[in-house]
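Architecture at a glance
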Amino acid sequence: MSHEVLSTPVVDTVKAPNRAQSRARAARRRKAVVNGARVLLLIGVLGLWELLARTKTIDPFNFSMPSKIWDQIWTWITHGTALGSLGEQIWYTLHEALLGWIIGVVTGVVFGIALGRITFLADVLGPYIKVLNSIPRIVLAPIFVIWFGLGPASKVASAVVLVFFPVFFNAFQGAREVDRNLVANARILGASDRRVTLQVVIPSATSWIFTSLHVSFGFALIGAIVGEYIGATKGIGLLVAQSQGTFNAAGVYAAMVILAVVALVAEGLLTFAERRIFRWKPSGSDS
Amino acid sequence: MSADTSPAIELRGASKIFKTPSGGLHTAVRALDLTVGRGEFVAVVGPTGCGKSTTLTLVSGLEEPSEGEVLVTGKPVRGVGDKVGFVFQQDATFPWRTVLSNVMAGPRFRGVPKSEAKQKAREWLARVGLAAFEDRYPHQLSGGQRKRVALAATFVNDPEILLMDEPFSALDVQTRALMSDELLELWEGTGASVVFVTHDLEESIALADKVVVMTAGPATVKHIFDIDLPRPRKVESVRLEPRFIEIYREIWESLGEEVRITRERGAAHVA
């Protein structure tokens, strides 16, 4: 398909089309070229990998190869994994990540806005939050497994601690950087402090918060996966751990591919939600 | 003391001292005495950065005076009251609200039921000529249209006191004249008392009953001039009248000196 598109740029000079048409055509052509180059790059990299592995230039046992990874994914899809169906594993991980993400985002936003609005709280809690943030939080995952056991709770907890901080800092910053004019205007128009927080500070902080939501969903997945990797009964992280335990390199890669797809779908949904919420932003302007 | 006979705004020896970020003290307003009668349109002119805007924040209740007293309709100002409307220099429309919702904000904040607020907001939008734009977001409007939204959002609260801080300074000259005329029309229907801060002397004479000239900062009142041009006025034509030019010359003699002082100070800072 890409080949066909790449070979079309023969301009019909006979008809002398008007400018708008030719410009639109040029834009379409550029898009096709970009997409074509992308596909070629992917095919090139995967092909090279396959080739090097098949000719034993790299050790296929350690590095596996794309065809084996695909076979592994296919086996998981059709016959299920050693832990149960693949869908179940994905659902398990997603469920933990989502729960951890929601809890982390809500607490992060609430704390961020509260500290951003109430200077006393910010002054008192500020240093402690800095200390907590400086801890490499991923090391808490084993502790959570000890505290909360092998079930989902420990994974949710590690996702929460990873998600909380970036969301908190962005919400805090957002609440601090609210346009003073807007706050003054709201107060003049008769808004109480509570109204100012709900109807001025939070809406202006949403663009800050949303920036952190994209990053933090990735963190939530990491939290869930690491938790599962350390100790679990189900989930993609456990799939990685088991594949690794049985020297199944293809299994590790396959789990990674599945994770990437999951993360991309989540990202897409988030972008969609963002577009709906930020209709008032200039980028959505159409007139 | 009866609240009905007292002037709309009274500043008695009001001063405002700010702490600068470097820890020093900056006096923005010093021993300011000013009285604005009911229904009076007062323009305040002065060199840039002299503390005109600070005067407005004192009257609005957004800031408290460091010394002296500020009275609105005979009562001392304690925080933001419900009699005051404020049109800011910068855009202060809420970008995430539609035009209609922006104008509804004031009544809604003050507890007016939604349907009533909507109806009032629609009335004012019609009066500023934006009835067809109620579903737009502020970024989809021109600067002049956004200012109209701000005016409607302020007038919808029926303010007794209208404070305006160089509201039209960001607009181009033609839009500015148009907006000034519209402001006069809107104001004449309300009987509100206006304090209009500007650095544009022409604008102040064309609009006001009284022009207050401030000194170079810290601001205090230097002279007050009565403008005896007949109303209703049209900003573009009143400018050409001989009386206007006479008044202009008279006030400029007073204001020009302060502007020169400010400039010399600026030059001294640079040197």
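The written sequence of each chain sets the order in which its residues are numbered from 1. Ligands are numbered from 1 and chains lettered from A, in the order in which they are written. In view of the model being predicted, local features appear only for residues whose pLDDT reaches at least 70, and side-chain atom pairs are presented and counted only at 80 or more, with totals across whole chains, interfaces and linings using the full set of residues.

With respect to the overall build of chain B
- Where helices and strands are cited, they refer to DSSP runs of H or I of at least four residues and of E of at least two residues respectively, numbered from the N terminus. Looking only at helices and strands, chain B has eight helices and 10 strands in total.
- C-alpha atoms define the radius of gyration in this analysis, and the globule rule sets the expected value at 2.2 Å times the number of residues to the power 0.38. A globule of 271 residues ought to have a C-alpha radius of gyration of about 18 Å, and chain B, at 19 Å, matches this closely.
- Overall size of chain B, expressed as C-alpha extent along the three principal axes, is 55 × 45 × 45 Å.
- For chain B, buried positions account for 42% of its 271 residues. The exposure scheme places C-beta atoms from the backbone and then counts, for each residue, the other C-beta atoms within 10 Å of its own, assigning buried at 20 or more, exposed at 12 or fewer, and partly exposed in between.

Focus on the overall build of chain A
- Within chain A one finds 12 helices and zero strands.
- Each helix and strand of chain A, placed in order from N terminus to C terminus, yields the pattern α-α-α-α-α-α-α-α-α-α-α-α.
- Relative to a compact globule of 287 residues, whose C-alpha radius of gyration would be 19 Å, chain A shows 25 Å and is clearly more extended.
- Burial statistics for chain A: of 287 residues in total, 32% are counted as buried.
- Within chain A, residue pairs in contact and separated by at least 24 positions form 74% of the contacts whose partners lie at least 6 positions apart. With C-beta atoms placed from the backbone, a contact is any residue pair whose C-beta atoms sit within 7 Å.

Some points on the packing of helix H7 (residues 140-148) of chain A against helix H10 (residues 193-230) of chain A
All names here are of chain A.
- Angular values range over 0 to 180 degrees, each being the angle between N-to-C directions of two axes fitted as lines to C-alpha atoms, with helices fitted over their stretch in contact. For the pair H7 and H10, the least separation of the axes is 9 Å and the interaxial angle reads 60°. Between H7 and H10, the angle is such that the two are oblique. Seen from above, H7 lies across H10 with right-handed handedness. Residues Ala 141, Pro 142, Phe 144 and Val 145 of H7 touch H10, and the partners they reach there are Val 226, Gly 227 and Ile 230.
- For the contact of H7 with H10, a count of residues per class yields six nonpolar, one polar and no charged. Geometric relationships in this document are graded by angle, where less than 35 degrees denotes roughly parallel, more than 145 denotes roughly antiparallel, 65 to 115 denotes roughly perpendicular, and other angles denote oblique. Rotating anticlockwise by less than a right angle from the far helix to the near helix defines a left-handed crossing, while the corresponding clockwise rotation defines a right-handed one. We call Asp, Glu, Lys and Arg charged. Ala, Val, Leu, Ile, Met, Phe, Trp, Tyr, Cys and Pro are nonpolar, and the rest, Gly among them, are polar.

Examining the sheet that holds strand S4 (residues 67-72) of chain B
Residues and elements named next belong to chain B.
- What makes two strands pair is DSSP finding at least two bridges between them. Pairing in this open sheet of four strands is antiparallel, and the strands run S2-S1-S4-S5 from one edge to the other. With partners counted over all chains shown, the strands left at the sheet margins are strand S2 (25-36) and strand S5 (75-76), one partner each.
- In this sheet, S5 lies alongside S4 in antiparallel orientation, the contact comprising two bridges. Looking at S5, one finds that Leu 71 is bridged to Pro 76.

Observations regarding the domain arrangement of chain A
- Residue ranges for the domains trace back to a domain assignment, done automatically or taken from a database. Split by domain assignment, chain A resolves into domain 1 (1-58) and domain 2 (64-277).
- For domain 1 of chain A and domain 2 of chain A, the distance between their C-alpha centres works out to 36 Å.

Some details on unusual backbone geometry
- The omega angle of the peptide bond from Arg 231 of chain B to Pro 232 of chain B is -5°, so this bond is cis rather than trans.
- Positionally, Pro 232 of chain B belongs in the loop between strand S10 (221-226) and helix H7 (235-238).
- Even without being a glycine, Phe 247 of chain A presents a positive backbone phi close to 55°.
- Mapped onto the elements of the fold, Phe 247 of chain A is located in the loop between helix H11 (236-245) and helix H12 (249-277).
- Located in the positive-phi region is Thr 73 of chain B, a residue other than glycine, with phi close to 45°.
- Residue classification places Thr 73 of chain B among the partly exposed residues on the basis of 17 C-beta atoms within 10 Å.

Some thoughts on the packing of helix H2 (residues 99-109) of chain B against helix H4 (residues 143-155) of chain B
All names here are of chain B.
- The geometry of H2 relative to H4 is characterised by a closest axis approach of 7 Å and an angle of 30° between their N-to-C directions. Viewed along their axes, H2 and H4 adopt a mutual orientation that is roughly parallel. Judged by the sense of rotation from one axis to the other, the crossing of H2 with H4 is right-handed. Side by side, H2 and H4 meet where Val 99, Asn 102, Val 103, Ala 105 and Gly 106 of the first sit next to Val 149, Ala 152 and Ala 153 of the second.
- Residues that form the contact of H2 with H4 fall into these classes: six nonpolar, two polar and no charged.

Examining the interface of chain B and chain A
- With 22 residues of chain B at the contact, the number on the chain A side is 15 residues.
- Within the side of chain B that touches chain A, the residues separate by chemical class into 13 nonpolar, seven polar and two charged.

Focus on the pairing of strand S3 (residues 41-45) of chain B
Residue and element names in this part refer to chain B.
- When you tally the buried positions in S3, you get five out of five residues, the bulk of the element.
- Residues Phe 41, Ala 43 and Val 45 of S3 are buried on one face, and the alternating residues Val 42 and Val 44, pointing to the opposite face, are buried as well.
- Pairing geometry for S3 and strand S9 (residues 210-214), over four bridges, is parallel. Bridged to Val 44 within S9 is Val 212.

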